[in-house]
Amino acid sequence: MKNTHISIVIPLLMLSIVYFLNKAAGEIKFVDVTQKAGIHFKHSGGIDLRVVPALVGSGAAWCDYNNDDTLDLYIVNSTAVRPEPETILPKNVLYRNNGDGTFTDVTDVAGVGDTGWGMGCAFADYDNDGDADLYVTNYKANVFYLNKGDGTFKRFTSGAGGIGHTGFGSGVSWGDYNNDGFLELYIGNYIEYTKVPQGDEVFFPYDFFGQTNVLYLNKGDGGFIDVTNASKINGGFHLTLGVAAADYDDDGDLDIYLANDSDQNILYRNDGEMTFMNTNQPDARSHTGDIRGGMGIAWGDYDNDGVLDLFVTNWLDENNILYKNNGDGTFTDVSAGSGVFESGLGKTCWGAVFFDMDNDTDLDLFFSAGHIDPATWEDHGQPDVLLRNNGDGTFTDISEHVGLREFKSPGVGRGVAAADYDADGDVDLFVVNSGEKPRLLRNDSGNKHNWIHIHTIGVESNRDGIGTRIKVIAGDTEQIREVTAGSSYLSQNSREVEFGLGNHNIVDKIIIHWSSGVVQTIHNIPVNQKLVVMEKRD
């Protein structure tokens, strides 16, 4: 009788768990609307090409490039392997948001259809003239586009001081690293592709040489200068893929994290005056320097304790890492206890983003997955993963309950970028798939909870407000976000910061810490709106 009792209880327990997960995710649904939205892009890379840039690329970026109050989409492409002279090369694509849920390809009109071995991208208003400029990383020469303010761009790589670095460009992060009101540009570089190791026992990427990264200082006159070595932030030949900036120690200046492939990751602490300290050295341990196959990066305060935590995606079976910020300059790996550890097992993981999918005040977590060197019996694609924040420091994988397992086949995921592209109050996702069509995943949560989105305009600070820290207080709930330009994997989320408010019907207070040092407070703000905030002068 004892064994019979156990056999009955276990199925009941499993049914209860399934019921709970379905109920918890019942009002959340992500729908693939790529074709319906008019996005007909196909990535020209892929695993079968056996060319490194085609294997590891590419990313995408959300930005309102034409100032029409809708978020547009830029997608980076790969190119052709050994093309014939008359071959029409694949190119990057810019889609203008029509404001009705659809997009129009305006690449040729805008003049941003680069045909290089594309990797990453990020928009920012580097000259503070009110429109977003664009930097694109490539294997070989990078490209910088100046926004002319009329819906078109001008290739301005040389004009901005020769910033078309000719390495193996990867992640990009714009940030005002010296708080002078002008945005600097940090560029990650991957392998030294001109020095490919030879022999039968060569393994990618472990036996490849790395390249140093680059930091360009914005002079404020339209040009940049290379200050990498003076700032002590060259990355040390560590095969950098992911780059993301955040003020992790809340001291008023932006720090930089590097996700390095098969080498130690680096958290650079900004010590002011454009000098940085590698905090994964013996005399300055932040405990974020794991040696794995680092890919993507997401910063976010997942436990709402007022400091930014860190999530890093990794290579197959090296498991992803969730670092809890201890608030004293150090971090603790909480991957196992939080439920994050098992979610990435068996997957090679890439782009990542913290976002509040259901506006319940807790940051959830999404990451893409896709093979790079699968066994002969394995599909190239792997399922992407959505983890729901349970509000107690743990996460639950609800991917199969929100529509992410309803596709005919999983994609070969790479870059991920998040934005509320349809302006309905919930955050949507865009996933670049290597060698395949991308996926625009519209969040159809039904907006059961309230929300507020904040768009910053700097005056003393850089015009985009990049680096601004925002605290939203509603009732007994406090949340923080930072305005960023470049993160995830080779990608950029919307510059607007999104806060879920749960059932709170008013925001009691918004406290904005601008990079200039100005602190601005706003009281009693109505919910369910995009709030545009211009920096007040001292």
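Residues numbered from 1 in each chain as written. Predicted model: local features only at pLDDT ≥ 70, side-chain atom pairs only at ≥ 80, totals over all residues. Heavy atoms only, no water.

Regarding the pairing of strand S29 (residues 439–443)
- Of all five residues making up S29, four are buried, and the element is well covered by its neighbours.
- By the bridge criterion, three bridges tie strand S1 (residues 30–32) to S29 in an arrangement that is antiparallel. Within S29, the residue paired with Val-31 across the bridge is Arg-442.
- Note that strand S28 (residues 428–433) and S29 share three bridges and pair antiparallel. Residue pairing in the sheet places Phe-430 in a bridge with Leu-440 of S29.
- Here S28 folds back onto S29, and the loop between the two strands holds five residues, one of which, Gly-435, carries a positive phi near 75°. (Buried < 20%, exposed > 50% of the residue type's maximum accessible area, 1.4 Å probe, protein only. Helix = DSSP H or I, 4+ residues; strand = E, 2+ residues; numbered from the N terminus. Pairing = 2+ DSSP bridges.)

A word on the packing of aromatic side chains
- Counted by the stated rule, this structure contains 29 aromatic pairs.
- Ring geometry for Phe-204 against Phe-208: centres 5.3 Å apart, planes inclined by 90°, an arrangement best described as edge-to-face.
- Ring centres 6.5 Å apart and planes at 20° place the aromatic pair Tyr-248 and Trp-299 in the stacked group. In this pair, Tyr-248 sits in the loop between strand S14 (240–246) and strand S15 (255–264) while Trp-299 sits in strand S19 (residues 297–300), placing the two residues 51 residues apart along the sequence. You'll find Tyr-248 and Trp-299 in the same group, each marked buried.
- Between Arg-414 and the ring centre of Trp-350, over which it is positioned, the NZ or CZ distance is 4.1 Å.
- Over the face of the ring belonging to Phe-407 we find Arg-439, whose NZ or CZ atom lies 4.0 Å from the ring centre. (Phe/Tyr/Trp six-rings, centres within 6.5 Å; stacked < 30°, edge-to-face > 60°. Lys NZ or Arg CZ within 6 Å of the ring centre and 35° of its normal.)

A short note on the sheet that holds strand S25 (residues 385–389)
- Strands sit in the order S23-S24-S25-S26 across an open sheet of four strands; the sheet is antiparallel. With one partner strand each, in any of the chains shown, strand S23 (349–355) and strand S26 (395–397) form the two edges of the open sheet. Sheet twist, expressed as the mean angle between neighbouring strand axes with direction ignored, is 20°.
- As defined by bridge partners, S23 adjoins strand S24 (residues 364–369) across five bridges and the pair is classed as antiparallel. Along S24, the bridge assignment pairs Cys-349 with Ala-369. (Axes fitted to C-alpha atoms, helices over the stretch in contact; angles between N-to-C directions.)

A few points about the sheet that holds strand S36 (residues 529–534)
- Taken together, three strands build an open sheet; the order of strands is S33-S30-S36 and the sheet is mixed. Since the sheet does not close on itself, it has two edges, and those belong to strand S33 (497–502) and S36, each with one partner. Pairs of neighbouring strands in the sheet enclose a mean axial angle of 25°, with direction left out of account.
- Across six bridges, the pairing between strand S30 (residues 450–457) and S36 is parallel. Considered in S36, the bridge of Ile-452 is made with Gln-529.

A word on the pattern of salt bridges
- This structure, assessed with the given rule, holds 19 salt bridges.
- A salt bridge links Arg-469 to Asp-250, with the shortest nitrogen-to-oxygen separation between them at 3.5 Å. Residue Arg-469 is found in strand S31 (residues 469–474), and its partner Asp-250 is found in the loop between S14 and S15; the two are separated by 219 residues along the sequence.
- Between Arg-388 and Asp-358 there is a salt bridge, and its shortest N-O distance comes to 2.9 Å. Here the residue Arg-388 occupies a position in strand S25, and Asp-358 occupies one in the loop between S23 and S24, the gap between them amounting to 30 residues. Both residues of the pair, Arg-388 and Asp-358, count as buried. (Salt bridge = Lys/Arg side-chain N within 4 Å of Asp/Glu carboxyl O.)

A few points about the domain arrangement of the chain
- Each domain of the chain was delimited in the assignment, giving domain 1 (36–451) and domain 2 (452–534).
- When each unit is reduced to the centre of its C-alpha atoms, the spacing between domain 1 and domain 2 is 21 Å.
- With 67 residues of domain 1 at the contact, the number on the domain 2 side is 40 residues.
- Here domain 1 meets domain 2 over a buried area of about 3,800 Å², counting both sides, of which 50% is carbon and sulfur.
- Summed over the three residues of domain 1 that lose the most area to domain 2, namely Thr-361, Asn-450 and Trp-451, the buried surface amounts to 21% of that side.
- Counting across the interface, domain 1 meets domain 2 through two salt bridges.
- The tally of links from domain 1 across to domain 2 stands at 26 residue pairs in polar contact (both at pLDDT 80 or more).
- If you list the elements that add at least two residues to the side of domain 1 that touches domain 2, you get strand S2 (60–63), strand S6 (117–124), strand S10 (166–175), S14, S23, strand S27 (413–419) and S30.
- Considering only residue class, the side of domain 1 that touches domain 2 consists of 33 nonpolar, 22 polar and twelve charged. (Domains from an automatic or database assignment. Contact = heavy atoms within 4.5 Å. Buried area = accessible area lost by both parts, 1.4 Å probe. Polar contact = N/O pair within 3.5 Å; in protein donor to acceptor, adjacent residues only side chain to side chain. Nonpolar A, V, L, I, M, F, W, Y, C, P; charged D, E, K, R; others polar.)

Things to note about empty space enclosed by the protein
- One pass over the full model with this rule turns up two cavities of 30 Å³ or more.
- In this structure, the largest cavity encloses a volume near 410 Å³.
- If you go around the largest cavity, you meet 29 residues; those closest to its centre are Trp-299, Phe-354, Glu-482, Thr-484 and Asn-493.
- Put simply, the parts of the chain that give the lining of the largest cavity at least two residues each are S14, S19, S23, S27, strand S32 (477–482) and S33. (1 Å grid on protein atoms, 1.4 Å probe; cavity = no way out; pocket = protein on both sides within 12 Å on 5 of 7 lines; lining within 4 Å. Points joined across faces, edges and corners; volume = space filled by probe spheres on them.)

A word on the layout of surface pockets
- The space that makes up the largest pocket amounts to roughly 610 Å³.
- In this structure, the largest pocket is lined by 33 residues; those nearest its centre are Asp-64, Asp-69, His-455, Glu-496 and Lys-530.
- Looking at the lining of the largest pocket, the element that brings in the most residues is S30, giving five residues.
- Residue composition of the lining of the largest pocket, grouped by class: nine nonpolar, eleven polar and 13 charged.
- Mapping the lining of the largest pocket onto the domain boundaries places at least three of its residues in each of domain 1 (36–451) and domain 2 (452–534).

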